[in-house]
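Here is what each chain is made of, one letter per residue.
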Amino acid sequence: MKKRIMAILAVLVILCGIFVPDIYAAVSAEEKKAFSVVDLDKTTITEDLGNNLSAYLDEDTSETDVTLISLQEYCYSPKYPSNADEVVYGDEYYNVYLYFYNPNEYALESKADDSVQISGYEYFIQYLDKTSDGLYYKYKVIYKSDLYNRITAYSYLHSGAREYVVEKMSFKVAPNATYLYDNLSLTYTFDGYASGFGGDSTRLIQCVMEGSETLHLDVTPTQYRPAGTNGKNNYTRDMLHSVYFSVPNSYLETYGEMYEVHAEWLNAVTAPALVTGNQTAYNAITPYLGQNIGKYTDSLPYIYLGHVGGISQGGDHRIFYDFGYNIPDVIFWGGTSFDYVPVVYNKSSYISPLYLMFNSGSGANSADTYIVSSATIKQALQNGAYGGDKVLNRYYRCFFDSVDTSKTEVRITKNYNFPITDMKVSQTWWEKFLGTSHIEYSNFYNNIYGIKQISASDLSGNTSEVAQRLYMDENDVAGLRTAFMETNSTVFLFRFQISDYISQEATLYNVGSFLGGTTLSEVDTNAYFFQETVNLDFDILDVTFTKNGRYTVIPVAMDPIDIIPAAIPPVYVTEDVLGLPDYFRMIMAVLGIILLIAFVLFVLPYVLKAVSALVGFTTKSVKSVAETSKKIGKDIKGYREERKKAKKARSKRSKK
């Protein structure tokens, strides 16, 4: 045979998905026959493979001989259950069907000696159907039990996979003429099972033909981190990992909607990194990068504490932090009693060595809005200044807290849900004084599905609205819109993982001494620590489409990519506090409370007494004014009456 013909652009249609209703492995013997199985012997070629049979052929095919275009395994089931409660079907419904292209329109039909050689064994085949033009034929393997037993033996040794290597075909095209086609080596490998036929296995059945055509994808990563935290603490967010890509519309027209994406990648967690806007501290720490300074060295006069908190336990003061760099065991506490205060941590370890540090630029609060780009982080991970082993021969191992020993492999369907929590805690002035807080809002998103087909309505509105609607980074919206404008293709957003993204504000302290002890003077809060999960060698292996109950699995060809998200500032940041020592701030706070108490005890009573006296005086004054006004009113009335009497008297005298 001159050329090898592809099977449906590389993938075989899963016939069991069409003809067998969903059943479950754990069913009783009585329930075993409680479903109907379509007799595939009586279906037509177009019912099995669809109307576009030319899709099974090479675009430049010049075959003139009978050619195998597809091999279909129907309802394979393991021979023995993996536990006593499971029901398997053995070869009860099992069959193997073959579909041939017959360009010369030979009168094949039913010939007693037609056969096929599979994996070294010859099997007779039986004619079932042909198209009206005589170009396509359908056969099935007879004496299937022999093939089933050999395939099952192979499956036991290959983790459930079944391999059919079609090596020869033999047809009689006339009473005395036999056509033999050998040296084919067409390999069909099946994995997974039709629903209910795999015992306790839930793997979706699929089959790929060796050497077949693949779907080429250009994949672009994006991520989404909500405005608030995920509730674990006040510095950890959910991060949704996604990619988007375009699929030619011809695939959707032929095979239907996208149902599942099969992908793999290597998970790695970066070492804690520091972002600072204090140039002096940045310059001082830079020579110590990559050096193991232990927990603390007095040669470095700067300390960074992430997520700083203070608490009293049994009368003893403690300073708590999560990530921290260059941390003394105790500091001199300038409180009411001058004692040494331990500096303890909530996380499992302090940072030493510190390998990753980024400068957010000069100016107060510069780190509060500074984003470390993906390209910048990637370049830092490739810095060979510290040497050592490499991950995937690209990134130095020292820049990671952990790297998985094997790749993560997933099959995510369109309805797979990724829940995200978005919680924001706030404080009033009084709550800050009391050390309490309240939840400003708490949102739980439970409608983020694994596969999202992008429509025009998804891209309406401004950039922020689109990013929030699709759960992606605002900086990637423009690229998504550009991809959507491409003709003859459809864009899909594929979500595949949620991880913890840590970003906590860091406080810079200057190290000093007082009465022979170590002191910390707070310099600013213009910094943050971050840590994130990255996906190395991300690769989509195949994509499953579904149409009219039929599933088509298409292998994917893409260049694996490294997904390294940008780093963003913490949810909670504070204004920089420059040059104000902690103990001085505490003393000022205590003095303020003392003054408030003194005012309440000694000043407020006199103030209240004065106010009371003023109120009493005002009441009497108002009463006196009222009485005087009343008297004046009476006097005015009497005066008016006397005037009237005098006027009448003058009038009488004038008349006389």
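The structure presented is a predicted model; accordingly, all values stated were derived computationally and were not measured.

Some points on the nonpolar core
Logical step 1: Core analysis: the largest hydrophobic core is formed by 36 residues, its most contacted members being Val219, Phe245, Met258, Phe494, Phe538, Ile540 and Phe545.
Logical step 2: Of all the elements in the fold, those that place two or more residues in this core are β13 (236-248), α4 (249-255), β14 (257-270), β26 (408-413), β30 (489-514), β33 (533-547), β34 (550-557) and β35 (561-563).
Logical step 3: By size, the runner-up hydrophobic cluster in this structure holds 29 residues, among which are Leu71, Ile125, Tyr139 and Tyr148.

Notes on the packing of helix α8 (residues 463-470) against helix α9 (residues 477-484)
Logical step 1: Viewed as axis vectors pointing N to C, α8 and α9 meet at an angle of 80 degrees, and their least axial separation amounts to 10 Å. Regarding the angle of α8 to α9, the classification is roughly perpendicular. Note on element contacts: α9 touches α8 through Val477, Leu480 and Arg481, opposite Thr463, Val466, Ala467 and Leu470.
Logical step 2: Each residue belonging to the contact of α8 with α9 can be placed in one class, and the counts come to five nonpolar, one polar and one charged.

Considerations on a nonpolar patch on the surface
Logical step 1: Taken together, the side chains of Ile593, Ile597, Leu601, Phe602, Val603, Val607 and Val611 present a nonpolar region at the surface, about 610 Å² in accessible area.
Logical step 2: Along the polypeptide, Leu601 turns up in helix α10 (residues 582-655).

Concerning unusual backbone geometry
Logical step 1: In this structure, the amide linkage connecting Ser352 to the following residue, Pro353, adopts the cis form with an omega of -5 degrees.
Logical step 2: Within the secondary structure, Pro353 is located in the loop between β21 (338-345) and β22 (356-359).
Logical step 3: The residue Tyr143 is not glycine, and still its phi comes out positive at about 55 degrees.
Logical step 4: Under the relative-accessibility criterion, Tyr143 is labelled exposed at 61%.
Logical step 5: Phi angles above zero are rare outside glycine, and His307 is one such case at about 55 degrees.
Logical step 6: Note that His307 resides in the loop between β16 (302-306) and β17 (309-313).
Logical step 7: With a relative accessible area of 27%, His307 lands in the partly exposed category.

Considering the pattern of salt bridges
Logical step 1: Taken as a whole, this structure holds 13 salt bridges when the rule is applied.
Logical step 2: A salt bridge links Glu532 to Arg225; the shortest N-O distance between them is 3.8 Å. With Glu532 in the loop between β32 (527-531) and β33 and Arg225 in the loop between β12 (220-224) and β13, this residue pair connects regions lying 307 residues apart in the sequence.
Logical step 3: On the basis of relative accessibility, which here comes to 1%, the residue Glu532 falls in the buried class.
Logical step 4: We classify Arg225 as buried; its relative accessible area is 11%.
Logical step 5: A salt bridge links Asp537 to Arg394; its shortest N-O distance comes to 3.1 Å. Here Asp537, found in strand β33, pairs with Arg394, found in the loop between β23 (390-391) and β24 (395-396); they are 143 residues apart in sequence, far enough to count as distant.
Logical step 6: Salt bridges here are not isolated pairs; linked through shared partners, they connect Glu264, Arg394, Lys407, Asp537 and Asp562.

Topic: the confidence of the model for the protein
Logical step 1: Residues with a pLDDT of 70 or more make up 71% of the protein, whose mean pLDDT is 80.
Logical step 2: Residue range residues 578-583 is modelled with pLDDT below 50. Its contacts to residues more than four positions away, or to other chains, number 12 contacts.

A look at the environment of Pro301
Logical step 1: For Pro301, the position within the fold is in the loop between α5 (279-285) and β16.
Logical step 2: Between the alpha carbons of Pro301 and Ala284 there is a distance of 8.1 Å; along the sequence they are 17 residues apart.
Logical step 3: Setting aside residues up to four positions removed in sequence, Pro301 forms contacts with Tyr509, Asn510 and Val511.

A word on helix α3 (residues 144-157)
Logical step 1: Taking 1.5 Å of rise per residue, the 14 residues of α3 would be expected to cover 20 Å, and the 20 Å separating its terminal C-alpha atoms lies within 8% of that figure.
Logical step 2: Among all positions of α3, only Leu147, Tyr148, Ile151, Thr152 and Ser155 are buried. With its buried residues spanning 130 degrees around the axis, α3 presents them on a single face.
Logical step 3: Phi for Ser159, located one or two positions after α3, is positive at around 55 degrees.

What counts and how
- Residues numbered from 1 in each chain as written.
- Predicted model: local features only at pLDDT ≥ 70, side-chain atom pairs only at ≥ 80, totals over all residues.
- Heavy atoms only, no water.
- Core = buried A, V, L, I, M, F, W, Y, C linked by side-chain atoms within 4.5 Å.
- Buried < 20%, exposed > 50% of the residue type's maximum accessible area, 1.4 Å probe, protein only.
- Helix = DSSP H or I, 4+ residues; strand = E, 2+ residues; numbered from the N terminus.
- Axes fitted to C-alpha atoms, helices over the stretch in contact; angles between N-to-C directions.
- Parallel < 35°, antiparallel > 145°, perpendicular 65-115°, else oblique.
- Contact = heavy atoms within 4.5 Å.
- Nonpolar A, V, L, I, M, F, W, Y, C, P; charged D, E, K, R; others polar.
- Patch = residues over 30% accessible without salt bridge, like charges linked within 9 Å, V, L, I, M, F, W, Y side chains within 5 Å.
- Areas by Shrake-Rupley, 256 points an atom, 1.4 Å probe, with all protein chains shown as cover.
- Salt bridge = Lys/Arg side-chain N within 4 Å of Asp/Glu carboxyl O.
- pLDDT = per-residue confidence, 0-100.
- Expected span 1.5 Å × (residues − 1).
- Arc of directions from axis to C-beta.

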